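Here's the letter readout for the chains.
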Amino acid sequence: MELLEKICNQCDLGVLECQPLRLKGGFLHKMYSLFTTKGRYAVKLLNPNIMQRETAMGNYRTAENLEVMLEKEGIPIIPALIFSDRKMQEVDGQFFYLYEWYDGKALKREEVTLAHCNKIGGLLARIHTLSRHEEATDYGEIHIDWEFYLGQYSERNREFYSLLKENLSLLCESQNNGNAAVKKLPKLVSVCHNDMDCKNILWKGMDFRIIDLECLGYSSPFVELYELALCWSGYQECNMDYHLFRCFLQSYAEAGGQLPKDWEVIYWSNYGRLEWLEYNMKRSLGMECSEDEIALGVSEVKNTMRNIIYYHNAREDILKNCILN
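Note that the structure is predicted; figures quoted are calculated from it, not measured.

Asker: Explain the sheet that holds strand 7 (residues 188–192) to me, and be specific about the residues and the numbers.
Answerer: Spatially, 3 strands are ordered 6-7-10 in an open sheet, and the strand pairing comes out antiparallel. Every interior strand has two partners, whereas the edge strands, strand 6 (133–134) and strand 10 (217–219), have only one. Contacts from helix 8 (residues 221–232) reach strand 7 and strand 10 within the one sheet, and its direction differs from that of strand 7 by about 55°.

Below is the structure:
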């Protein structure tokens, strides 16, 4: 409460009229709704452990510049507010962003329709046309020592030890095939949101705004298209609706988006969930995180392993539905 009052004072938001409300949905950062004498705002408190990374500030600066570009292009986003010529603010060592309040809500999986997929697929094609160019990009490889985490869990969490051991070959296969696939990605990059799944679009009827723009960067539009088509059709709930999946891809293509030629390469290149799994294994073990993140880490390890297994089992059906008639 003291921190949020300091934020209101520093940014001249007025006086808090009621207790700040913690918002749901964030897996990395903490979000609060602020009701003040001058209006309603959302504040995002950036995760201190993320901010300690050497690349953090550079990545945020890139994202802020691209956020300005999207706003100028009329993309429906909720940009961070600017104070003293800066978007990112700091109080007592806590970095944060402030936003005007938008009274919309993220869709639940069962609320997503063909109309939603059509809109987002078309908008994604529009975003991907911004600064699209060929570039020799090194996406890097993932080298996770799964045996290390087996050893950690063997004494501290037998449930996760058994889960990891049972799926060790699958994790190694995904990592090895993914490392090989990213080297074969076409040398085409564009502006990418990098996290534009259902939780990061707020809707009022069929009007919407994109949030969580801190991951904006230049990346492969093919991989982002594929990842989002999966997310908007039920992959995260392990219940794919292939009508939604194909609609997303079709609307993207019809809006001028370029489709990949080798979907097998794209399938294996979508392996960032392995890094998300490792990040949450660390959290579940109390490594590189605060105490209140441990329970979230435990929950996300279970969810992420479930996704990885489902993705593996659905491979044939996914690739079959990537081919549009």
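Asker: Any chance you could break down helix 11 (residues 273–284) for me, citing the residues and the numbers?
Answerer: The terminal C-alpha atoms of helix 11, which comprises 12 residues, lie 16 Å apart, in line with the 16 Å expected from a rise of 1.5 Å per residue. Most of helix 11 sits inside the fold, with 9 of its 12 residues counted as buried. Where helix 11 is concerned, the buried positions are Arg273, Leu274, Leu277, Glu278, Tyr279, Asn280, Met281, Arg283 and Ser284. Phi turns positive, to about 75°, at Gly286, one or two residues after helix 11.

Asker: Please provide a residue-by-residue account of the pattern of salt bridges, values included.
Answerer: Inspection of every chain in the model, using the stated rule, returns 16 salt bridges. Close ionic contact of Lys6 with Glu2 constitutes a salt bridge, the shortest N to O distance being 3.8 Å. Placement of the pair is Lys6 and Glu2 together in helix 1 (residues 2–10), with a separation of 4 residues, close to one helical turn. Look at Glu2 and you get exposed, because its relative accessible area is 57%. When the shortest N-O distance is used, the salt bridge between Arg209 and Asp207 registers 3.2 Å.

Asker: Any details on the nonpolar core? Residues and values, ideally.
Answerer: One recurring pattern in soluble globular proteins is that nonpolar side chains are buried together. If you look at the biggest cluster of nonpolar residues, it comprises 77 residues, and the most contacted ones within it are Tyr226, Trp232, Phe245 and Ile318. Considering every element that reaches this core, the biggest residue donor is helix 8, with 9 residues.

Asker: Which residues make up the sheet that holds strand 3 (residues 39–45), and what values go with them?
Answerer: By definition, the strands of a sheet pair up through backbone hydrogen bonds, in either a parallel or an antiparallel sense. The antiparallel open sheet is built from 5 strands, whose spatial order is 1-2-3-5-4. The sheet terminates laterally at strand 1 (21–23) and strand 4 (89–91), the two strands that pair on one side only. On average, each strand axis in the sheet is inclined to that of its neighbour by 35°, with strand direction left out of account. Both strand 1 and strand 2 (residues 30–36) contribute to a ladder of 3 bridges, which runs antiparallel. Each bridged residue has a counterpart across the sheet, and for Arg22 the counterpart in strand 2 is Tyr32. Lying over the sheet, helix 1 contacts strand 2, strand 3, strand 4 and strand 5 (94–100), oriented at roughly 130° with respect to strand 4.

Asker: Mind laying out the side chain of Glu64, listing which residues take part and the relevant values?
Answerer: Mapped onto the elements of the fold, Glu64 is located in helix 3 (residues 56–72). Ignoring any residue separated from it by four or fewer positions in sequence, one finds Glu64 in contact with Lys87, Met88 and Tyr97.

Asker: How would you sum up the packing of aromatic side chains? Please name residues and give values.
Answerer: Across all of its chains, the model carries 11 aromatic pairs by this definition. Ring plane angle 80° and centroid distance 4.9 Å describe the contact between Phe148 and Tyr149, whose orientation is recorded as edge-to-face. Here the aromatic rings of Tyr235 and Tyr311 are separated by 5.7 Å at their centres, their planes lie at 70°, and the arrangement is edge-to-face. Highlighted residues: Tyr235 in the loop between helix 8 and helix 9 (242–254) and Tyr311 in helix 12 (residues 294–313), separated in sequence by 76 residues. Taking relative accessible area as the criterion, Tyr235 reaches 9% and is therefore assigned buried. Ring pairing ties together the aromatic residues Tyr235, Tyr267, Trp268 and Tyr311, which thus form one cluster. Just above the ring of Trp101 sits the side chain of Arg40; from NZ or CZ to the centre is 3.6 Å. Taking the ring centre of Tyr267 as reference, the NZ or CZ of Arg315 above it sits at 5.7 Å.

Criteria and thresholds
Along each chain, numbering runs from 1 in the same order as the chain's sequence is written. The predicted nature of this model means local features are confined to residues of pLDDT at least 70 and side-chain atom pairs, given and counted, to a pLDDT of 80 or more, with totals for whole chains, interfaces and linings taken over all residues. Side-chain metrics in this entry use all non-hydrogen atoms of the structure; hydrogen atoms and water are not considered. A pair of strands is labelled paired if DSSP reports no fewer than 2 bridges between them. In DSSP terms, a helix is any run of H or I states spanning at least four residues, a strand is any run of E spanning at least two, and both are numbered starting from the N terminus. Between two residues, a contact is recorded if the distance between any of their heavy atoms is within 4.5 Å. Inter-axis angles, ranging from 0 to 180 degrees, are taken between N-to-C directions of lines fitted to C-alpha atoms, where helices are fitted over the stretch in contact. Given the number of residues in a helix, its expected span is that number minus one, multiplied by 1.5 Å. Think of it in three bands: with a 1.4 Å probe and only protein chains considered, a residue is buried below 20% of the maximum accessible area for its type, exposed above 50%, and partly exposed in between. Just to be clear on terms, a salt bridge is a Lys or Arg side-chain nitrogen sitting within 4 Å of an Asp or Glu carboxyl oxygen. We define the nonpolar core as a collection of buried residues of types Ala, Val, Leu, Ile, Met, Phe, Trp, Tyr and Cys that are connected through side-chain atoms lying within 4.5 Å of one another. The rule is short: rings of Phe, Tyr and Trp, with Trp giving its six-membered ring, pair when the centres are within 6.5 Å, and they are stacked under 30 degrees, edge-to-face over 60, tilted in between. Two thresholds decide whether a charge sits over a ring: the Lys NZ or Arg CZ must be within 6 Å of the ring centre and within 35 degrees of the ring normal.

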